[in-house]
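# Results of the structural survey
Listed below are the residues making up each chain.
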Amino acid sequence: MDTLENIKQQIADNAILLYMKGSPNAPQCGFSMRASQALMACGKRFAYVDILANPEIRAELPKYANWPTFPQLWVKGELIGGCDIIMEMYENGELKPLVEEAAAESEGEGE
């Protein structure tokens, strides 16, 4: 599977997906740390991809997403944005319902 197909598969397979530097428990940059903390505060499970461990994804995703920076939050196949947008949505109360709805829909699949 080529990198672009891999990215598309990851986005399709995960209702809530954060492309970040490092992991939620060990972020490797401040932006990734703030984004993952905001997501964790929403109280739902989310997938993540460490772009530092996946240089091919780090190189290809900005072109696919038309978004140059990391982290990138994808919810239900749609790019939500980077750290600034995630933090703004968290602070104004928009992030939690978005995450809860996506988590509820994905938990309901296959039951």
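Look a little higher up for the structure.
Residues numbered from 1 in each chain as written. Predicted model: local features only at pLDDT ≥ 70, side-chain atom pairs only at ≥ 80, totals over all residues. Heavy atoms only, no water.

## A short note on the sheet that holds strand 6 (residues 78–81)
With mixed pairing, four strands are arranged side by side in an open sheet as 4-1-5-6. Across the chains shown, the open sheet's two edge strands, defined by having one partner strand only, are strand 4 (47–50) and strand 6. Across this sheet, the average inter-strand angle for adjacent strands is 25 degrees, counted without regard to direction. Taken together, the three bridges between strand 5 (residues 72–75) and strand 6 define a ladder with antiparallel strand orientation. Note that in strand 6 the partner of Val75 across the bridge is Glu78. Contacts between helix 2 (residues 30–41) and the sheet are confined to strand 1 (16–20) and strand 5, with strand 1 contributing the most and set at about 165 degrees to the helix. (Pairing = 2+ DSSP bridges. Helix = DSSP H or I, 4+ residues; strand = E, 2+ residues; numbered from the N terminus. Axes fitted to C-alpha atoms, helices over the stretch in contact; angles between N-to-C directions. Contact = heavy atoms within 4.5 Å.)

## Describing the state of the cysteines
Across all of its chains, the model carries zero disulfides by this definition. Looking at the unpaired Cys29, the closest cysteine sulfur is the one in Cys83, lying at 7.8 Å. With relative accessibility at 6%, the residue Cys83 sits in the buried group. (Disulfide = S-S within 2.5 Å. Buried < 20%, exposed > 50% of the residue type's maximum accessible area, 1.4 Å probe, protein only.)

## Section: the pattern of salt bridges
Under the defined criterion, the tally for this structure stands at five salt bridges. Residue Lys8 is joined to Glu5 by a salt bridge in which the shortest nitrogen-to-oxygen separation is 4.0 Å. Of the two residues, Lys8 and Glu5 both sit in helix 1 (residues 3–13), three residues apart, roughly one turn of that helix. Take Lys8: its relative accessible area is 35%, and that puts it in the partly exposed class. Among the residues examined, Glu5 registers a relative accessible area of 41% and is labelled partly exposed. (Salt bridge = Lys/Arg side-chain N within 4 Å of Asp/Glu carboxyl O.)

## Focus: the pairing of strand 5
What you see with strand 5 is no split at all: Gln72 and Trp74 on one side and Leu73 and Val75 on the other are buried throughout. Count of turn residues in the strand 5/strand 6 antiparallel hairpin: two residues, of which Lys76 carries a positive phi of about 50 degrees.

## Some details on the environment of Lys76
Inspection of the secondary structure puts Lys76 in the loop between strand 5 and strand 6. Classification of Lys76 by relative accessible area gives partly exposed; the value is 40%. If we skip the residues at most four places from it in the chain, Lys76 touches Ala15, Glu101, Ala102 and Glu105. Engagement of the side chain of Lys76 in a polar contact is seen with the side chain of Glu105, the distance being 3.4 Å. (Polar contact = N/O pair within 3.5 Å; in protein donor to acceptor, adjacent residues only side chain to side chain.)

## A short note on the environment of Arg45
For Arg45, the position within the fold is in the loop between helix 2 and strand 4. Once the C-alpha coordinates of Arg45 and Met1 are considered, the two residues, 44 residues apart in sequence, prove to be 26 Å apart.

## Overview of the nonpolar core
Ranked by size, the top nonpolar core spans 19 residues in total, and within it Ile16, Leu18, Leu39, Leu73, Ile86, Leu95 and Val99 carry the most contacts. Contributions of two or more residues to this core are made by strand 1, helix 2, strand 5, helix 4 (83–91) and helix 5 (95–108). In this view, Leu95 contacts Ala38, Leu39, Cys42, Leu73, Ile86, Met89 and Tyr90; residues no more than four positions away in its chain are not counted. Listed in part, the 12 residues of the second largest apolar core include Tyr19, Ile51, Ala65 and Trp74. (Core = buried A, V, L, I, M, F, W, Y, C linked by side-chain atoms within 4.5 Å.)

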